[in-house]
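The residues making up each chain are set out below.
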Amino acid sequence: MPQESRELAVRPLVVGAEGLLGRFLAGQLEERYPHAVSATRTELDVTDRWRFEEELERLAPTVVVNAAAIADVDLCERNPDLAFRVNAEGAANVARACRNAGVRMIHFSTDYVFGAEPPAGPGFAEADPPAPVNEYGRSKLEGEQAVLETLADCVVMRVSFVFGPGRPTFVDRLIERARQPGGRPSAVDSWATRPTGLDAIAETVDRVLDGGFTGLLHVAGAGPVVTRLAFARRALELAGEDPDRVIVQREDELDLDAPRPAATPLALDLHERTFGTPPRRWEDSLADYLASLGAGTAR
Ligand SMILES: NC(=O)c1ccc[n+]([C@@H]2O[C@H](COP(=O)([O-])OP(=O)(O)OC[C@H]3O[C@@H](n4cnc5c(N)ncnc54)[C@H](OP(=O)(O)O)[C@@H]3O)[C@@H](O)[C@H]2O)c1
């Protein structure tokens with residue numbers, strides 16, 4: 001099919017379109033696919049199974065991109081009922097509706113399905129047994145399993161420590177603090193992950209829509225695995241600031257509701273085998289994002 005007709009034939013529906021990932025993907029997909037649509041939580045609630053099925057019939061997408069979630073890790077710990085209702089049952093509702101309507105689904109999960117045990121190799125592969133340490137991870141794990149069991153034509157992308165435009169994340173708070181006179185940002189020397197730019201995730205979504213991949217896929221920034229402290233220092237360096245301004249934060253001083261896994265690096269081999277390349281390097285995504293904030297481009 002010629003590229004132009006293909007782009008008219010693909011009609012993505014982005015759910016959870018007011019969140020960090022949903023908003024970015026909705027923007028990217030609307031640019032590429034003239035018939036793309038998106039829905040916020042008030043427009044389309046994944047916990048309302050019957051209304052969701054009706055709306056799917058009315059909107060008639062060819063693929064649902066489910067970015068709806070309770071992604072606040074501490075809120076999930078305080079309110080596990082809400083976490084499971086949205087992250088597990090909500091995901092299952094979307095998958096069931098997609099199966100009944102014959103629609104593809106791209107769903108997002110998290111590196112936090114791991115963490116109770118260290119990885120056997122340099123990172124967790126898709127086939128490694130999950131072992132979450134908190135309610136967020138447990139609810140997301142139940143959600144991804146429901147999607148994979150319900151719908152053959154689905155892609156579940158596990159992403160990790162996401163940054164980019166749309167909603168302030170760790171990077172934005174770091175830069176804001178560093179810009180204050182005498183400001184000293186802080187970060188824990190743990191929680192080792194692969195940071196992931198929204199642009200890297202959007203590139204993989206594009207590839208999945210172009211190709212025939214189905215199943216579970218790790219999508220995280222290529223390059224070094226870093227603790228929050230190492231990431232913060234590298235971000236300041238890229239922003240042209242002194243990296244030593246970042247102070248080491250003790251985890252127990254943070255008074256968090258949910259325990260955090262010490263290390264959840266995702267292995268990217270399957271992505272590389274499938275698409276011929278790993279996802280975009282996080283340092284490149286970060287340099288571009290910092291430049292967009294007017295915070296230097298030193299590499
Ligand atoms: N951000 C990260 O670092 C990160 C890391 C790993 C994995 N992920 C995964 O990436 C995905 C997107 O996360 P995000 O960071 O974009 O989260 P986010 O910014 O909190 O966005 C989630 C969106 O889902 C919406 N939502 C909540 N309950 C809903 C419901 N019942 N029906 C429909 N929409 C609902 C929220 O709406 P309201 O704002 O109106 O409540 C919000 O707009 C999630 O699957 C998350 O688990 C994120």
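Note: the structure precedes this text.
Quantities reported herein were computed from a predicted structural model and do not represent experimental measurements.

Engineer: Mind laying out helix α5 (residues 80–101), listing which residues take part and the relevant values?
Structural biologist: Since the α-helix advances by 3.6 residues per turn, residues separated by three or four positions end up pointing in the same direction. Across its 22 residues, α5 extends 30 Å between first and last C-alpha, which sits within 8% of the 32 Å expected from 1.5 Å per residue. Considering bend angle alone, the principal kink of α5 is centred on Gly 90 and spans about 30°. Count one or two residues on from α5 and you reach Gly 102, which has phi positive near 65°.

Engineer: So, the environment of Asp 210: which residues are in play, and what are the values?
Structural biologist: Within the secondary structure layout, Asp 210 lies in helix α8 (residues 198–210). It is 9.8 Å that separates the C-alpha atoms of Asp 210 and Val 10, two residues lying 200 residues apart in sequence. Not counting residues up to four positions away in its chain, the partners in contact with Asp 210 are Arg 6, Arg 32 and Tyr 33.

Engineer: Mind laying out the site of the ligand, listing which residues take part and the relevant values?
Structural biologist: The local shell around the ligand holds 25 residues, among which Leu 20, Asp 45, Tyr 136, Lys 140 and Arg 167 are the closest. One of the backbone nitrogen or oxygen atoms of Ala 69 is found 3.2 Å away from an oxygen atom of the ligand. Between an oxygen atom of the ligand and a main-chain N or O atom of Phe 108, the distance comes to 3.2 Å. Mapped onto the shell around the ligand, the elements with two or more residues apiece are α2 (20–32), β4 (104–110) and α6 (135–150). For the shell around the ligand, the element with the most residues is β4, which contributes three residues. Taken together, the residues of the shell around the ligand break down into 15 nonpolar, five polar and five charged.

Criteria and thresholds
Residues numbered from 1 in each chain as written. Predicted model: local features only at pLDDT ≥ 70, side-chain atom pairs only at ≥ 80, totals over all residues. Heavy atoms only, no water. Helix = DSSP H or I, 4+ residues; strand = E, 2+ residues; numbered from the N terminus. Expected span 1.5 Å × (residues − 1). Bend = angle between axes of the 7 residues up to and from the residue. Contact = heavy atoms within 4.5 Å. Near = heavy atom within 4 Å. Polar contact = N/O pair within 3.5 Å; in protein donor to acceptor, adjacent residues only side chain to side chain. Nonpolar A, V, L, I, M, F, W, Y, C, P; charged D, E, K, R; others polar.

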